[in-house]
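Fold and contact review
The lines below spell out each chain.
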Amino acid sequence: MQVARSKIVVLGTGGTIAGTADTPGEHLAYRSAQLGVGQLVAGLPSAGDWTLETEQVTQIDSKNMDEVLWQRLAARCAHWLAQPEVRGIVITHGTDTLEETAYFLDCVLVADKPVVLTCAMRPATAQAPDGPRNLADAIAVAATPGVQGVLAVCAGSVHAAREVSKEHPSRLDAFTSGDAGPLGVVEAGHLRRLRAWPAAPASTPAAERMAQAVAQAVRWPRVEIVLNHAGATGALVQALLAQGVDGIVAAGTGNGTLSDSLQAALRQARERGVAVVRATRCARGEVLPHAGDLLPDSGGLSPVKARIALMLDLLVTRAT
Ligand code: ASP
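Presented here is a report on the structure given in the accompanying data block. (Residues numbered from 1 in each chain as written. Predicted model: local features only at pLDDT ≥ 70, side-chain atom pairs only at ≥ 80, totals over all residues. Heavy atoms only, no water.)

Secondary structure summary: the protein contains eight helices and 13 strands in total. Here the C-alpha atoms of the protein give a radius of gyration of 20 Å, agreeing with the 20 Å that 2.2 N^0.38 yields for 320 residues. The dimensions of the protein, computed from C-alpha atoms along their principal axes, are 60 × 50 × 35 Å. Once local pairs closer than 6 in sequence are excluded, the contacts in the protein between residues at least 24 apart make up 71%. Of the accessible surface of the protein, which amounts to about 14500 Å², a share of 52% is contributed by carbon and sulfur atoms. Separation between the mean location of the 28 positive side-chain charges and that of the 30 negative ones in the protein comes to 2 Å. (Helix = DSSP H or I, 4+ residues; strand = E, 2+ residues; numbered from the N terminus. Rg over C-alpha atoms; globule rule 2.2 N^0.38 Å. Contact = heavy atoms within 4.5 Å. Areas by Shrake-Rupley, 256 points an atom, 1.4 Å probe, with all protein chains shown as cover. Lys, Arg positive; Asp, Glu negative; His and termini not counted. Charge placed at Lys NZ, Arg CZ, Asp CG, Glu CD.)

Our next topic: the pattern of salt bridges. Enumeration over the complete set of coordinates arrives at 17 salt bridges. For Asp22, the salt bridge identified is with Arg31, shortest N-O distance 3.2 Å. On the basis of relative accessibility, which here comes to 37%, the residue Arg31 falls in the partly exposed class. Between Arg76 and Glu55 there is a salt bridge, with the nearest N and O atoms lying 2.7 Å from each other. Taken together, the positions of Arg76 in helix 2 (residues 67-81) and Glu55 in strand 2 (residues 51-60) put the pair 21 residues apart, joining distant regions of the chain. (Salt bridge = Lys/Arg side-chain N within 4 Å of Asp/Glu carboxyl O. Buried < 20%, exposed > 50% of the residue type's maximum accessible area, 1.4 Å probe, protein only.)

With that out of the way, let us pick up the sheet that holds strand 10 (residues 190-193). Strand order in the open sheet made by the eight strands is 2-1-3-4-5-6-9-10, with mixed pairing throughout. Each edge of the open sheet is held by one strand with a lone partner, namely strand 2 and strand 10. This sheet shows a mean twist of 25 degrees between the axes of neighbouring strands, independent of strand direction. The strands that helix 3 (residues 98-108) touches are strand 3 (86-92), strand 4 (114-118) and strand 5 (149-154); relative to strand 4, the one it contacts most, it runs at about 170 degrees. (Pairing = 2+ DSSP bridges. Axes fitted to C-alpha atoms, helices over the stretch in contact; angles between N-to-C directions.)

So, about the side chain of Lys305. Position of Lys305 among the secondary structure elements: in helix 8 (residues 303-319). Apart from residues lying up to four places away in sequence, Lys305 is in contact with Glu99, Tyr103, Ala161, Arg162, Glu163 and Val164.

This brings us to the pairing of strand 13 (residues 275-280). When a strand is regular, its side chains alternate between the sheet's two faces. Judged by how many residues are buried, strand 13 sits mostly within the fold: five of six residues are covered. Where strand 12 (residues 247-252) lies against strand 13, six bridges are found, and the strand directions are parallel. When the sheet's bridge partners are listed, Ala251 is paired in strand 13 with Ala279. Note on the crossover from strand 12 through helix 7 (residues 260-271) to strand 13: the handedness is right-handed. (Right-handed = clockwise from strand over helix to strand, strands pointing away.)

Dropping the structure here:
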């Protein structure tokens, strides 16, 4: 007998959406991660044929997100996604590293259901907080039949995990999908798709291996990001080599270009067995590979997402 997918689970992780300030006019000097996820959903109008269940997975400012918390969050997502009555998951999250958590979950979860991250740019105590609208929109998207995969919802826009990035430190509409544009918009509680959506992560042997490696990880590969800039040297790479780094993402200038000294140091790192990937520090576009490239490119991923991809790659390689 088929069980009705009647439940949406809201997982709390903290962030400004759960933040409080001393006065309603204060949008900057506030404390992140103060209200429980149960308090965040308490004020929402009941809007559909689903019930809400909440779980506080962690309670942090997302600037402090790390691999161990990602592992815990992925495990809780996997648990809830496996429940037949669960239609989808919403995650309340700080904006600062939301794009990284979204991409991590996109890489490691195998699900034919939606996982929708949402956030706020103003604390919950603000005179006009944006969190309640964003949360209601995220729930509406998670409840929409046919929606699958990891998404981010903020300021009425729906973004794919691979494309989303925070582009503004204070505007309410702080996220972009770059050149691709958002997947859709939420209007009066209804999702309107604007373009083709990425396929949901399929349950392949490789995806199962990844999920298992993440669930069992004890020591995470150390992958660091170094930036090319005017005057960049290889000094940071040398310091990382001395510390025993496992991988390095170079956030290159323009089409992934690196100063001669930085490039030489990165090639030396590769010769010593450190995995190296080249991304671009440009906010839009991606590194276009060409003949004569001395270091591999990130396949269109931003530096922070290339770091996650490389870390997971090294994790799986080590586990097999
Ligand atoms: N520092 C906060 C966080 O990422 C910012 C926010 O949520 O907007 O948790």
